[in-house]
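Geometric and topological summary
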Amino acid sequence: MTPGYNLFYKGKQKIERESNRNDSTPSKDLQELAERGEIIRTHGGAVTRDSFAFEPSYHEKLTLHTEEKRRIGRAAADLIEENTAIFIGNGSTTMEIVRHLDPVKSFKAFTNALTHAIELADLPQVDLSVIGGHLRWKSYAMVGPLTERALEGVYFDLVLLGADGISVEQGITIPSLNEAETVQEIMRAGRKTVIVADHSKFGKVAHGRIAELQDVDLIISDEGVEPEYKKLLAELRVELSLV
């Protein structure tokens, strides 16, 4: 939390504050917390992200850590090689992969993200396959039995996925159990799995685990990752690339 502040929200009560900072205002500090992903702004206040099942919408995620996500997306896009089969999962960070693809390098792209499919469809160098299923409106991801059936017998050179939580104890997690099951199927079909996530996801735990840390080949994040996590991942021999 921002130094000097105690923040809470109940029903339509106002945000209360206690501060020893002369340059602070409730609005300014709430905005700072929202930008760091610690709270969600609401009409007249804010709510915390304490629940394991809490899930901001895709559009809310697009406003958080935008510069870090651009750098991460660019680095992940550079991993894609010519004439390979690539799966790109849903999320605001993976969208930056789509936006930083090499305009010349041709490859086969697969995605279960409606948002990503629309952007990939405009790229002539991409041979696109869209995995159908039940659409989750919060994430715009196709999930469920139909999605998993469509994945049968399909394999990928590289799987690129986002995450809501990265924890040494609980592994890689996302808010939806249904989506987590689908992602596990996708990972099993991949030769190599890369997680793209900004520093705010470290130390967080969401509702459904998609993998243990040791199950992924690489995590791409930004320089904001705390030294303790760098040390713990090194001890677990999990490759971490910071951009």
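Residues numbered from 1 in each chain as written. Predicted model: local features only at pLDDT ≥ 70, side-chain atom pairs only at ≥ 80, totals over all residues. Heavy atoms only, no water.

1. Section: the overall build of the protein
Helix and strand content of the protein: 8 helices and 14 strands. Here the protein holds 243 residues, and 47% of them are scored as buried. Restricting to contacts in the protein with at least 6 residues of sequence separation, those with at least 24 account for 59%. Summed over all atoms, the accessible surface of the protein reaches about 12,400 Å², with 49% contributed by carbon and sulfur. (Helix = DSSP H or I, 4+ residues; strand = E, 2+ residues; numbered from the N terminus. Buried < 20%, exposed > 50% of the residue type's maximum accessible area, 1.4 Å probe, protein only. Contact = heavy atoms within 4.5 Å. Areas by Shrake-Rupley, 256 points an atom, 1.4 Å probe, with all protein chains shown as cover.)

2. Section: the nonpolar core
In terms of nonpolar packing, the biggest core is built from 29 residues, with Ile166 and Ile195 touching the most fellow members. Elements that contribute at least two residues to this core include exactly β3 (85-88), β8 (158-162), β10 (171-174), α7 (177-188), β12 (208-211) and α8 (227-235). A per-element tally of this core places α7 first, with 4 residues. Every residue in contact with isoleucine 195, bar those within four places of it in the chain, is listed here: Leu161, Ala163, Ile166, Ile172, Ile210, Val216, Leu218, Ile219 and Ile220. In this structure, Ala75, Ile80, Ala109 and Leu158 belong to the second largest nonpolar core, which totals 22 residues. (Core = buried A, V, L, I, M, F, W, Y, C linked by side-chain atoms within 4.5 Å.)

3. Re a nonpolar patch on the surface
Among the surface-exposed residues, Leu114, Ile118 and Leu135 lie close enough to one another that they form a single nonpolar patch of about 240 Å² accessible area. Following the sequence through the fold, leucine 114 ends up in helix α5 (residues 114-120). You can call leucine 114 partly exposed: its relative accessible area is 33%. (Patch = residues over 30% accessible without salt bridge, like charges linked within 9 Å, V, L, I, M, F, W, Y side chains within 5 Å. Salt bridge = Lys/Arg side-chain N within 4 Å of Asp/Glu carboxyl O.)

4. Some words on unusual backbone geometry
Positive phi outside glycine occurs at asparagine 83, with the angle close to 60°. Note on placement: asparagine 83 falls in the loop between α3 (66-77) and β3. Taking relative accessible area as the criterion, asparagine 83 reaches 65% and is therefore assigned exposed. Phi at arginine 237 is positive, roughly 60°, even though this residue is not glycine. Tracing the backbone shows arginine 237 in the loop between α8 and β14 (240-242).

5. A look at the sheet that holds β12
Within the open sheet, the 3 strands sit side by side as β9-β10-β12. Their pairing is antiparallel. Each having just a single partner strand, β9 (165-167) and β12 make up the two edges of the open sheet. Each adjacent strand pair in this sheet contributes to an overall mean axis angle of 35°, direction not counted. Two strands pair when backbone bridges link them, and β9 and β10 are joined in this way by 3 bridges, in the antiparallel orientation. Its bridge partner lying in β10, glycine 165 is registered against threonine 173. Sheet strands touched by α7: β10 and β12. Its angle to β12, the strand with the most contacts, is close to 5°. (Pairing = 2+ DSSP bridges. Axes fitted to C-alpha atoms, helices over the stretch in contact; angles between N-to-C directions.)

6. A few points about the side chain of threonine 111
With respect to the secondary-structure elements, threonine 111 resides in strand β4 (residues 107-111). Here threonine 111 is in contact with Phe87, Ile88, His116, Ala117, Leu120, Leu128, Ser129, Val130 and Ile131, once residues within four sequence places are set aside.

7. Details of the confidence of the model for the protein
Atom-level detail of predicted coordinates should not be read off regions where pLDDT is low. Taken over all residues, the pLDDT of the protein has a mean of 86, while the share at 70 or more is 80%. Predicted confidence is poor over residues 1-21, with pLDDT under 50, and the contacts of this stretch with residues over four places away or in other chains come to 45 contacts. (pLDDT = per-residue confidence, 0-100.)

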